[in-house]
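Report on the structure
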Amino acid sequence: MARSPALRRRAIARVWQPFTQMQDWETEEFPVVVSARGTTLTDADGRRYIDGNASLWCNVHGHRHPAIAGALKRQLGRAAHTTLLGLCHPGAIELAERLVEIAPPGLNHVFFSDSGSEALEVALKMAFQHWRQRGEERDTFVTFGGAYHGDTLGAVSAGAISLFHGLFRPLLFPTVQVPCPYSPRDPGGAARRSLASLEKALRTRRGRVAAVVIEPVVQGAAGILPQPPGFVAAVRELCNGAGTLLIADEVAVGFGRTGRMFACEHDGVAPDLLALGKGITSGYLPLSATLATDRIYEAFLAPWHRMRQFFHGHTFAGNPLACAAALASLDVFRRERTLDRLPAKIARFEDRLARFRGRPHVADVRSRGLMGAVEVEARPGRPFPAARRMGHRIILECRRRGVVLRPLGDAVVLMPALSMDLRTMDRMFDVLEESLPAAVRS
Ligand SMILES: Cc1ncc(COP(=O)(O)O)c(C=O)c1O
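The structure presented is a predicted model; accordingly, all values stated were derived computationally and were not measured.

Taking strand neighbours across the sheet as the criterion, the 4 strands line up as β1-β2-β3-β15 in an open arrangement whose pairing is mixed. In this open sheet, the two edge strands, each paired with only one partner strand, are β1 (33–37) and β15 (403–404). Of the pairings in the sheet, the one linking β1 to strand β2 (residues 40–43) comprises 4 bridges and is antiparallel in character. Each bridged residue has a counterpart across the sheet, and for Ala 36 the counterpart in β2 is Leu 41.

Structure below.
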């Protein structure tokens, strides 16, 4: 097999990387990953890295888990892909049944897509169409400051990261944005202000709000911004009071990431629409799902000629291989008691994160479950100049020491697979402890 430099040259010539300034990319000695096992990645030169990013937050049980790999091989022996448009297959049926079993109560109908963005897009369109078909013109979505829900235009409309979304504003539908529920200096106050603003937004637009869209418990891509206990329940109550829908985007926080199977469970909340992705297949294949209540589903039922069906569907929706991986992943959750084993891991994760508090250049440390971030600053209250790309520098130092992480601005994100053992987790934190001051000195 070709070695890294030759592969890198070919990649630079032809592969346009996501979220990447390609001019800088040429100068970066990025790893070309050729294999992975457990929580270790191996590049084309045989260098090994701890996957501290869970392959973009989606790997749950580790790479090449024999149960998931075996299920995929068995499914390959039957069919790699058949369509859900006009047909169905046993994997989609069983997966839909099992998702309904484990999801918060009342979410009885499962619509499959391929990516998290699409799952959210589907939730927005379902909410909108459901109101139209109930005779109500509710066109407004209420979203939270800092939110990220994906990169397709509907998901971007619901998002609020101006760096990613600002340019596309003329292409987006307007939303009402209430303040982000987290601020490092005043987390409780930020959550209270966010709720007060939501209450006002719903009161002043009574009868016009199609849904409130929330990433419950932690806003991930916003920078791992946690919400206080009870926040999601308070949002649910405000939605109930206003007679509007609640869309929960659990693309990042679902499948054990926050310590429970679904983040909404922390507050005992059941949304009206639930978007799932990433960890649904333990990160083995692209698949996502939007779960809906009976009430929403029934708004689409009518004699055929009234054209009330949901006109939406992707070629690879509910792909049989992806469904097989997802079913195998749910089996692993059960067999390996993945959720029962999380508290000890989360305790160690929090303990190691806490050691960063008060260190030079550490502005904020935050986490929930196995999602964490260490945010750095030049001086108290003063960020590093953006051009220094300090978050990026830190992850490059980590990579040199054998750990793959990814920053969000100057927040270094730690997102291990749920299967990461304590020794590997310790090594990941040891490397970050060394890398942070090394990057600042560089
Ligand atoms: C909360 C949330 N929603 C949606 C998405 C989009 O998912 P995908 O990248 O699979 O389209 C992401 C991706 O990071 C996410 O974090």
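All chains considered together, the criterion is met by 1 cavity of 30 Å³ or more. Space inside the largest cavity adds up to approximately 50 Å³. Considering the residues around the largest cavity, the lining is formed by Trp 57, Val 60, Val 251, Ala 252, Gly 254, Phe 255, Arg 257, Gly 279 and Leu 418. Class assignment for the residues of the lining of the largest cavity results in 6 nonpolar, 2 polar and 1 charged.

What follows is about the site of the ligand. Residues in contact with the ligand, as listed here, are Ser 115, Gly 116, Ser 117, Tyr 148, His 149, Gly 150, Glu 215, Asp 249, Val 251, Ala 252 and Lys 278. At 2.6 Å from an oxygen atom of the ligand is found a side-chain nitrogen or oxygen belonging to Ser 117. When the free accessible area of the ligand is taken as 390 Å², the share hidden by the protein chains comes to 83%. For the shell around the ligand, the per-class residue count stands at 3 nonpolar, 5 polar and 3 charged.

What follows is about the pairing of strand β14 (residues 371–376). Of all 6 residues making up β14, 5 are buried, and the element is well covered by its neighbours. In this structure, strand β13 (residues 362–368) lies alongside β14, joined through 6 bridges in antiparallel fashion. When the bridges of β14 are listed, Arg 366 appears paired with Ala 373. Hairpin geometry of β13 and β14 is characterised by an intervening segment of 2 residues between the two adjacent antiparallel strands and by a positive phi of about 60° at Gly 369. Sheet topology note: the β14/strand β17 (residues 411–414) ladder contains 4 bridges and is antiparallel.

This paragraph deals with the layout of surface pockets. Taken as a whole, the second largest pocket spans an internal volume of roughly 580 Å³. Looking at the second largest pocket, it is lined by 22 residues, and the ones nearest its centre are Val 110, Phe 111, Met 126, Tyr 297 and Phe 310. Of all elements in the fold, only α5 (90–102), β4 (107–113), β12 (288–293) and α11 (294–298) reach the threshold of two or more residues within the lining of the second largest pocket. Per-element tally for the lining of the second largest pocket: the top contributor is β4, with 4 residues. Tallied by class, the residues present in the lining of the second largest pocket amount to 17 nonpolar, 5 polar and no charged.

Of note, Arg 138 is situated in the loop between α6 (116–133) and β5 (140–144). A distance of 2.8 Å separates a polar side-chain atom of Arg 138 from the backbone oxygen of Val 209. Those residues within four positions of Arg 138 in sequence are excluded, and the remaining contacts are Phe 128, Trp 131, Gly 207, Arg 208, Val 209, Ala 210, Ala 242, Gly 243 and Thr 244.

Conventions and cut-offs
- Residues numbered from 1 in each chain as written.
- Predicted model: local features only at pLDDT ≥ 70, side-chain atom pairs only at ≥ 80, totals over all residues.
- Heavy atoms only, no water.
- Pairing = 2+ DSSP bridges.
- Helix = DSSP H or I, 4+ residues; strand = E, 2+ residues; numbered from the N terminus.
- 1 Å grid on protein atoms, 1.4 Å probe; cavity = no way out; pocket = protein on both sides within 12 Å on 5 of 7 lines; lining within 4 Å.
- Points joined across faces, edges and corners; volume = space filled by probe spheres on them.
- Nonpolar A, V, L, I, M, F, W, Y, C, P; charged D, E, K, R; others polar.
- Near = heavy atom within 4 Å.
- Polar contact = N/O pair within 3.5 Å; in protein donor to acceptor, adjacent residues only side chain to side chain.
- Areas by Shrake-Rupley, 256 points an atom, 1.4 Å probe, with all protein chains shown as cover.
- Buried < 20%, exposed > 50% of the residue type's maximum accessible area, 1.4 Å probe, protein only.
- Contact = heavy atoms within 4.5 Å.

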